[in-house]
Amino acid sequence: MNRRQLLAGVVVGWLVSAPLGAAPDLRLQDLQLEEQISKAQKLCVEAGETYQNWLNGRVSSNVARTEVALRLQKLEAFQKKAAALAAASSQTSVRHWARMQKQELQYFGQAIHQNLPAAQTQAQLQRRWQNAVEIQSDLLESRRRQLLVVKKLPGSPRLGAYYRWRESMLAVMQSELALAQEVAQAFQQQDKTATLARKALSLHSQAALIKPPLDCVVAHQVYLERFASLSRLCGSAQQAITAPDADTVANLQEDEEAYRKKALASDDASLAALRSLLSKTR
């Protein structure tokens, strides 16, 4: 069960109407897209927490099933808005991201409805991990494609600096995704020689070398906290692989929850910086 809990975890509105006949403001659309993504991500984390609480006997099947179904309904609404706001080049990855997220919540609902046991086969673990990897991969691909569109638009130097910083952070997050894949593989293969914590520290150092513009200092600090949290999670993962017991599994769960919350907080901090900058250019 500890492998499923890690894999499930590692792998975490301001609508502006354009005047009639006016061309859409692509930067505002990008902001609105990120807001819909943020709302969708929060719902997925909440559904995952409900599923874990159900597994641990903290909530009844009826309550858990209702909560997951409600979040799935809201998720679909946010995802439809996201798909409508995405640039043409991002449409494919955004729509695939939406499908994979829905599959994860549908799995939670089915597992609760059918009262499936916590233990899963290796094939099930692999499928769920691939689902989590694809969700994050699609999200990164969407953000990269969006960035290619918006960073070419004329704008203030401060806004340009924000997009350059965002591009640097996306590069670090690509390394983060690669590390998440390594963590999953180490758990699946019970690789006690994996150097997960060391690689996570290296990723944190990579982010620390980036000098953020003044408008992004706060957001950058939250990202550093996110990667520090990932380092602790990877350390817990190594301990759980080397010496699996109740204590190491409990530590793993605790560090996983802390990381997921920091991941959401870091993306929201980036969103707040962009929202502030765009409000100054209107």
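Structure: see above.
Quick notes on the rules
Residues numbered from 1 in each chain as written. Predicted model: local features only at pLDDT ≥ 70, side-chain atom pairs only at ≥ 80, totals over all residues. Heavy atoms only, no water. Helix = DSSP H or I, 4+ residues; strand = E, 2+ residues; numbered from the N terminus. Buried < 20%, exposed > 50% of the residue type's maximum accessible area, 1.4 Å probe, protein only. Areas by Shrake-Rupley, 256 points an atom, 1.4 Å probe, with all protein chains shown as cover. Salt bridge = Lys/Arg side-chain N within 4 Å of Asp/Glu carboxyl O. 1 Å grid on protein atoms, 1.4 Å probe; cavity = no way out; pocket = protein on both sides within 12 Å on 5 of 7 lines; lining within 4 Å. Points joined across faces, edges and corners; volume = space filled by probe spheres on them. Nonpolar A, V, L, I, M, F, W, Y, C, P; charged D, E, K, R; others polar. Expected span 1.5 Å × (residues − 1). Axes fitted to C-alpha atoms, helices over the stretch in contact; angles between N-to-C directions. Parallel < 35°, antiparallel > 145°, perpendicular 65-115°, else oblique. Left-handed = near helix turned anticlockwise from the far one by under 90°. Contact = heavy atoms within 4.5 Å. Core = buried A, V, L, I, M, F, W, Y, C linked by side-chain atoms within 4.5 Å.

Q: Give a detailed account of the overall build of the protein chain, specifying residues and quantitative values.
A: The number of helices and strands found in the protein chain is nine helices and zero strands. The helix and strand sequence of the protein chain, counted from the amino end, reads α-α-α-α-α-α-α-α-α. Within the span of the protein chain, comprising 282 residues, buried residues form 49% of the whole. On the protein chain, roughly 13400 Å² of surface is accessible, and the fraction owed to carbon and sulfur atoms is 54%.

Q: Any details on the pattern of salt bridges? Residues and values, ideally.
A: Counted under the stated rule, the structure contains 15 salt bridges. In this structure, the salt-bridge partner of Asp267 is Arg226, at a minimum N-O distance of 3.4 Å. Placement of Asp267 in helix α9 (residues 246-280) and of Arg226 in helix α8 (residues 217-242) is noted, with a sequence separation of 41 residues between them. Accessibility expressed as a relative area gives 13% for Asp267, which makes it buried. Judged by its relative accessible area of 4%, Arg226 is buried.

Q: Report on the layout of surface pockets, specifying residues and quantitative values.
A: The volume enclosed by the largest pocket comes to roughly 250 Å³. Lining the largest pocket are eleven residues; nearest its centre among them are Gln52, Asn56, Arg58, Gln253 and Glu257. Among the elements of the structure, α2 (26-55) and α9 are those that each provide at least two residues to the lining of the largest pocket. The biggest single contributor to the lining of the largest pocket is α9, with five residues. The residue inventory of the lining of the largest pocket, partitioned by class, reads no nonpolar, five polar and six charged.

Q: A description of unusual backbone geometry should follow, citing residues and the corresponding values.
A: Within the chain, Gln190 stands out as a residue other than glycine whose phi angle is a positive 50°. Relative to the helices and strands, Gln190 resides in the loop between α6 (157-189) and α7 (196-208).

Q: With reference to specific residues and values, describe α6.
A: Residue pairs spaced three or four apart in an α-helix point in one direction, given the helix's 3.6 residues per turn. With 33 residues, α6 should cover 48 Å at 1.5 Å per step; its first-to-last C-alpha distance of 49 Å lies within 8% of that length. Gln190 lies just past α6 and shows a positive phi near 50°.

Q: Lay out the packing of α2 against helix α4 (residues 91-113) in plain terms, naming residues and giving numbers.
A: The description of two packed helices rests on the angle between their axes and on the distance between the axes. Where α2 meets α4, the axes come as close as 10 Å, and the angle between the chain directions of the two elements is 20°. Regarding the angle of α2 to α4, the classification is roughly parallel. In this structure, α2 meets α4 at a crossing whose hand is left-handed. On α4, the residues touching Ile37, Ala40, Gln41, Cys44, Ala47, Gly48, Tyr51 and Trp54 of α2 are Trp97, Gln101, Leu105, Tyr107, Phe108, Ala111 and Ile112. Of the residues that constitute the contact of α2 with α4, the class distribution is twelve nonpolar, three polar and no charged.

Q: Describe the packing of α7 against α8, naming the residues involved and giving the relevant values.
A: The geometry of α7 relative to α8 is characterised by a closest axis approach of 8 Å and an angle of 175° between their N-to-C directions. As judged from the angle between their axes, α7 and α8 are roughly antiparallel. Facing α7, whose interface residues are Leu196, Ala197, Ala200, Leu201, Leu203, His204, Ala207 and Ala208, α8 presents His220, Leu224, Phe227, Ala228, Leu230, Ser231, Cys234, Gly235, Ala237, Gln238 and Ile241. Partitioning the contact of α7 with α8 into residue classes produces 14 nonpolar, five polar and no charged.

Q: Explain the nonpolar core to me, using residue names and the numbers behind them.
A: Within the largest apolar cluster, 45 residues are counted, with the highest numbers of intra-cluster contacts made by Tyr162, Trp165, Leu196 and Phe227. Secondary structure elements with two or more residues in this core: α2, α5 (122-150), α6, α7, α8 and α9. The leading source of residues in this core is α6, at 13 residues. Beyond its immediate chain neighbours, meaning those up to four positions away, Trp165 contacts Ile210, Pro212, Pro213, Cys216, Ala219, His220, Tyr223 and Ser270. Counting 29 residues, the second largest nonpolar core, distinct from the first, contains Trp54, Leu72, Ala82 and Ile135.

Q: So what's going on with the environment of Gln36? Which residues, and what values?
A: The topology assignment puts Gln36 in helix α2. A relative accessible area of 1% means that Gln36 is categorised as buried. Setting aside residues no more than four positions away along its own chain, Gln36 makes contact with Phe78, Lys81, Ala82 and Leu85.

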